[in-house]
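Reading the structure
So the chains spell out like this:
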2 protein chains.
Amino acid sequence: MLEDKNQERTSLEQLGEFGLIDHLTRHFTLKQQSTVKGIGDDAAVLDFKGKKTVLTTDLLIEGVHFDLSYMPLKHLGYKAVMVNLSDVYAMNATPTQLTVSIAVSNRFPLEALEELYAGIQLACTTYGVDLVGGDTTSSQTGMLISVTALGVALKENIVYRSAAKPNDLLVVSGDLGGAYMGLQVLEREKEVFKVNPGNQPDLEPYSYIVERQLKPEARKDVIELLKQLEVRPTSMIDISDGLSSEILHLCKHSEVGCNLFEDKIPLDPTVISACEEFKIDSTLVALSGGEDYELLFTIDQGDFPKIKGNPNLTVIGHMTEANESAHLVTRDGSKIPLTAQGWNSFQTK
Amino acid sequence: MLEDKNQERTSLEQLGEFGLIDHLTRHFTLKQQSTVKGIGDDAAVLDFKGKKTVLTTDLLIEGVHFDLSYMPLKHLGYKAVMVNLSDVYAMNATPTQLTVSIAVSNRFPLEALEELYAGIQLACTTYGVDLVGGDTTSSQTGMLISVTALGVALKENIVYRSAAKPNDLLVVSGDLGGAYMGLQVLEREKEVFKVNPGNQPDLEPYSYIVERQLKPEARKDVIELLKQLEVRPTSMIDISDGLSSEILHLCKHSEVGCNLFEDKIPLDPTVISACEEFKIDSTLVALSGGEDYELLFTIDQGDFPKIKGNPNLTVIGHMTEANESAHLVTRDGSKIPLTAQGWNSFQTK
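Residues numbered from 1 in each chain as written. Chains lettered and ligands numbered in written order. Predicted model: local features only at pLDDT ≥ 70, side-chain atom pairs only at ≥ 80, totals over all residues. Heavy atoms only, no water.

**Observations concerning the overall build of chain A**
Going by this rule: Here a strand is any run of E in DSSP of at least two residues, a helix any run of H or I of at least four, and the numbering for each starts at the N terminus. Throughout, exposure labels follow a simple rule: accessible area from a 1.4 Å probe, protein chains only, divided by the maximum for the residue type, with under 20% read as buried, over 50% as exposed, and the rest as partly exposed. Note on definitions: a residue-residue contact is assigned when non-hydrogen atoms from the two residues lie within 4.5 Å. With residues, only the protein chains shown are counted as cover, and all accessible areas are computed by Shrake-Rupley using a 1.4 Å probe.
When helices and strands are tallied, chain A shows 10 helices and 13 strands. Looking at chain A as a whole, 58% of its 349 residues are labelled buried. Across chain A, contacts joining residues at least 24 apart in sequence account for 83% of those joining residues at least 6 apart. For chain A, the accessible surface area stands at approximately 14200 Å², while carbon and sulfur atoms represent 50% of it.

**Some points on the pairing of strand β8 (residues 235-238) of chain A**
Residues and elements named next belong to chain A. We count it as follows: The criterion for strand pairing is that DSSP finds at least two bridges linking the strands in question.
Across the two faces of β8 the burial is the same, with S235 and I237 and M236 and D238 all buried. Two elements, β8 and strand β10 (residues 295-299), share 4 bridges in a ladder whose sense is antiparallel. Bridging from a neighbouring strand, D238 pairs with L295 of β10.

**Some details on the side chain of T57 of chain B**
Our working rule: Distance and chemistry together define a polar contact, namely a pair of N or O atoms within 3.5 Å, with one atom able to donate a hydrogen and the other to accept it when in protein, and with adjacent residues in sequence counting only for side-chain atoms on both sides.
Within the secondary structure, T57 of chain B sits in strand β3 (residues 52-61). Look at T57 of chain B and you get buried, because its relative accessible area is 7%. Only 2.9 Å separates the side chain of T57 of chain B from the backbone oxygen of V147 of chain B, close enough to count as a polar contact. Of note is the side chain of T57 of chain B, whose polar atom sits 2.9 Å from the side chain of T148 of chain B. Once you skip the residues sitting within four places of it in the chain, T57 of chain B turns out to touch T99, S101, G134 and D135 of chain A together with N84, S146, V147 and T148 of chain B.

**A look at helix α8 (residues 269-278) of chain B**
Residue and element names in this part refer to chain B. For the record, the criterion: Arc definition: it is the arc formed by the directions from the helix axis to the C-beta atoms.
When α8 is considered as a whole, its buried residues turn out to be T270, V271, A274 and C275. Viewed end-on, α8 has its buried residues packed into an arc of 135 degrees, placing them on one side of the element. Of the exposed residues in α8, the ones pointing more than 90 degrees away from its buried face are P269 and E276. Looking at the buried side of α8, the elements it contacts are α4 (178-195), α5 (207-214) and α9 (282-288). K279 lies just past α8 and shows a positive phi near 55 degrees.

**Description of the UniProt feature "binding site: Mg(2+) 2" (unreviewed entry) in chain A**
As a reminder of what qualifies: UniProt positions are given in the numbering used here, feature names are shortened, and annotations may be inferred rather than shown by experiment.
Taking the UniProt record as the reference, the feature "binding site: Mg(2+) 2" (unreviewed entry) is found at D58 and D87 of chain A. In three dimensions, the annotated residues from a span of 30 residues occupy one location, with a maximal C-alpha spread of 9.5 Å. Mapped onto the elements of the fold, D58 of chain A is located in strand β3 (residues 52-61). Among all residues touching D58 of chain A, those that are not within four sequence positions of it are V83, N84, D87, I145, S146 and V147 of chain A together with D135 of chain B. As for its placement among the helices and strands, D87 of chain A is situated in helix α2 (residues 73-89).

**Here's the deal with the sheet that holds strand β7 (residues 169-173) of chain B**
All names here are of chain B. The following threshold applies: Here the axes come from fitting lines to C-alpha atoms, over the contacting stretch only for helices, and the angles between their N-to-C directions go from 0 to 180 degrees.
The strand order across the open sheet built from 7 strands is β8-β10-β7-β11-β9-β12-β13, with neighbouring strands paired in mixed fashion. Two strands in the sheet have a free side with no partner beyond their single neighbour: β8 (235-238) and β13 (335-337). Neighbour-to-neighbour, the strand axes of the sheet open up by a mean angle of 25 degrees, direction not taken into account. Where β7 and strand β11 (residues 313-320) come together, 5 bridges link them in antiparallel fashion. Residue pairing across strands places S173 opposite L313, the latter belonging to β11.

**Some points on the nonpolar core**
Definition in use: What is meant by a nonpolar core is a set of buried Ala, Val, Leu, Ile, Met, Phe, Trp, Tyr and Cys residues, joined one to another through side-chain atoms within 4.5 Å. Domains are outlined according to an automatic or database domain assignment.
The biggest cluster of nonpolar side chains holds 88 residues, and the ones touching the most others in it are M143, I145, L243, L260 and L296 of chain A. The biggest single contributor to this core is α2 of chain A, with 9 residues. Counting the residues that make up this core, at least three belong to each of domain 1 (11-157) and domain 2 (169-337) of chain A. Excluding anything up to four places from it in sequence, I145 of chain A contacts D58, L59, L60, L76, A80, V100, S101, I102 and L116 of chain A. Residues M91, L116, C124 and M181 of chain B belong to the second largest nonpolar core, which totals 65 residues.

**Some words on the environment of A90 of chain A**
Residue and element names in this part refer to chain A. Within the fold, A90 resides in the loop between α2 and β4 (94-104). Look at A90 and you get buried, because its relative accessible area is 0%. Residues A90 and Y160, 70 residues apart in the sequence, show an inter-C-alpha distance of 8.2 Å.

**Thoughts on the packing of helix α4 (residues 178-195) of chain A against helix α8 (residues 269-278) of chain A**
Residue and element names in this part refer to chain A. This is how the line gets drawn: Any angle that falls under 35 degrees is termed roughly parallel, while one over 145 is termed roughly antiparallel, one within 65 to 115 roughly perpendicular, and all others oblique. Two helices crossing with the near one rotated counterclockwise from the far one by less than a right angle form a left-handed crossing, whereas a clockwise rotation gives a right-handed crossing. Nonpolar residues are Ala, Val, Leu, Ile, Met, Phe, Trp, Tyr, Cys and Pro. Charged residues are Asp, Glu, Lys and Arg, and all others, Gly as well, are polar.
Look at α4 against α8: their axes get within 10 Å of each other, and the N-to-C directions meet at 45 degrees. With respect to each other, α4 and α8 are oriented oblique. For the pair α4 and α8, the crossing hand works out as left-handed. For the pair α4 and α8, the contacting residues are G178, M181, Q184, V185 and R188 in the first and V271, A274, C275, E277 and F278 in the second. Residues of the contact of α4 with α8, tallied by class, amount to 6 nonpolar, 2 polar and 2 charged.

**Brief notes about the pairing of strand β12 (residues 326-329) of chain A**
Residues and elements named next belong to chain A. Side chains of β12 alternate between two faces, with A326 and L328 and H327 and V329 buried alike. Examined bridge by bridge, strand β9 (residues 257-261) and β12 share 4 bridges and lie parallel to one another. When the sheet's bridge partners are listed, C258 is paired in β12 with A326. Taken together, the 3 bridges between β12 and strand β13 (residues 335-337) define a ladder with antiparallel strand orientation. Within β13, the position partnered with V329 by the bridge is K335. Where β12 folds back on β13, the antiparallel hairpin that results is connected by 5 residues, among which G333 adopts a positive phi of roughly 90 degrees.

**Quick look at the packing of aromatic side chains**
Residue and element names in this part refer to chain A. Test applied: Ring pairs are drawn from Phe, Tyr and Trp, using the six-membered ring of Trp, whenever the two centres fall within 6.5 Å, and their geometry is named by plane angle: stacked under 30 degrees, edge-to-face over 60, tilted for the rest. Charge-over-ring contacts are defined here by two conditions on Lys NZ or Arg CZ: a distance within 6 Å of the ring centre and an angle within 35 degrees of the ring normal.
Taken as a whole and assessed by the stated rule, the structure comprises 2 aromatic pairs over all chains. For the pair Y89 and Y127, a centre-to-centre distance of 6.3 Å together with 50 degrees between the ring planes defines the contact as tilted. Within this pair, whereas Y89 is found in helix α2, its partner Y127 is found in helix α3 (residues 110-127), the two being separated by 38 residues in sequence. In this structure, Y89 and Y127 share a single accessibility class: buried. Positioned above the aromatic ring of Y78 is the side chain of K215, whose terminal nitrogen or guanidinium carbon lies 4.4 Å from the ring centre.

**Focus: helix α2 (residues 73-89) of chain B**
Going by this rule: A helix is expected to span 1.5 Å for every residue after the first.
End to end, α2 of chain B covers 24 Å across 17 residues, agreeing with the expected 24 Å (1.5 Å per residue, within 8%). Judged by how many residues are buried, α2 of chain B sits mostly within the fold: 15 of 17 residues are covered.

**Some thoughts on the pattern of salt bridges**
To keep things clear, this is the line we draw: A side-chain nitrogen of Lys or Arg and a carboxyl oxygen of Asp or Glu constitute a salt bridge if their distance falls within 4 Å.
If you walk through the whole model with that rule in mind, you get 26 salt bridges over all chains. E294 of chain A is the salt-bridge partner of R212 of chain A, the closest N and O atoms lying 2.8 Å from each other. One end of the pair, R212 of chain A, is in helix α5 (residues 207-214); the other, E294 of chain A, is in the loop between α9 (282-288) and β10, and 82 residues separate them in sequence. One salt bridge in this structure joins D300 of chain B and K165 of chain B, with 3.3 Å as the shortest N-O distance. Pair noted here: D300 of chain B is in the loop between β10 (295-299) and α10 (304-307) and K165 of chain B is in the loop between β6 (144-153) and β7, with a separation of 135 residues, a long-range link. Residue K165 of chain B is classed as partly exposed on the basis of its relative accessible area of 35%. Each member of the salt-bridge network shares a partner with another, and the members are R212, R219, D221 and E294 of chain A.

**Points about the UniProt feature "binding site: substrate" (unreviewed entry) in chain A**
Residue and element names in this part refer to chain A. UniProt annotation of "binding site: substrate" (unreviewed entry) refers to H65, E291 and W343 when read in the numbering used here. Mapping H65 onto the fold places it in the loop between β3 and α2. What makes H65 partly exposed here is its relative accessible area of 21%.

Laid out in structure tokens, this is it:
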């Protein structure tokens, strides 16, 4: 049917993940009074009297987002929830409910799905979230997981991507690049295992970055910390696709530019040594690696004293006027335009 | 990894779709005050001050739930939304927002996804629902669609599966079996096309049942009708898996039995003639066919005069004490226990 069409075709690669959503939904209009914010942020915001409800959803596909040869199913279940909670926190909201839908082929026994749900349950318990729905079905090939998360927040506390101002400071939680380098280690061990199945890999030196890949945590603690410090970010996003991609989202939605300072990017020593071992530039890994699930946000300069010296937060740059656009200021002081090299599932890697 | 386990395995077929959900979620507990109803009904119910929010989600997989060789993508998008709205209506709620996530392989050009979203948009416009989020990603093989729908209702209007009483009347909207027989016609034409691609099928005599399969409508009109008639069902469910399976859900959740009368089951003449042509028993098709997306509900006997003679509603039986269990009363007066032969995606057909 599709093959009969003589129309000119646009490949999905050309648009990329974000362009595709923008393109496909450009003619949709919002009609519900209860819809405060639809597509275009980490989560949709709905007004159901009093407190706002936030809603977010993510799809994880075997062979695209995860590889079961080194991803234990319990970790996968946990991570599938974290990915969504991270989006809720990025709205400065509190996650409340989840739905989880899965499709699996018959090659998975029940016990495998129990492992998966044990991870989901651990995530629900740890973060105080209720699983309230879902769907299970068969797939013809691999496994896929679709999670939807709801959260609540007072209207005045919700932080969008769109309210950063020039001169605001750009702040990131934790450190970057670990999840990507953990993936490199796991991929290498998989190749070694193929050649020599008897080999016992020593992952001990890489335990931090492997855990960043296999068991990320959503930064609930950072949201609580900001509340304690009485800092309300002017804009916020979670880092799922890499720092540069997320900075560009903030710049686009807030209509500002940005100077990101290379020497400020927080890197764990394990990431630095792994980058040396794999001969990869650590800045590139932080900019484009993705899956760190840290929070990236902007604050008014007046709030700087409140966060100064906090080991969980690092100022990595500042926002500028829109016409200055987004740049990386390298260690030698040169300015390079930031480009989105974030993870794109439609790219053939 | 999975293959290394020596534990005894339970195959997914053994549990089936509903058993699997029950099994996997049996250790989950609900903690949020805002969670009124979690897993176990057509939709979860959340209390966000004043009006209740209902939330439902469904996953559609190529090769399992749809076949793109005869399912136009626009219809598929429309149907993916209907499947979810039907669940919201089955709670006696009003759908308000949707999220749609899709995974597609690179064989789909952008124009194909535009078709899909055109169908989603038509559904949103027709039913007054906002698309407020989603995710798009690549898949290694076919297409899959994950839809989550939210709806609102006043607390006192929400209808669960669990409050049917003995002697309540069992009522169904529309007619049954059409979607399944439409599928049979489409499958036959696909086989004919394989042998003789030049053959132009004449689907005109089957247009009603083919449309029931390809473009089902959620019964918003029935919910509005019941409100007009001032009939509040005591329990309600939508018919996605076949009449017998849905009746058994009502019986289980309400702890009642049921007598279903074969001669009362509403069948369109096209369904009857297609059943004769395909040599399939029309009662079996209504009981087990599925995908009709009609509403099945129970009403107090005192409400019978309000619905009597309404062409959209048919009384097909009545509820009994639990110990009488669920039976089909055949045309010759014999009683056969109802068994769930609804559609099960884990069965290998």
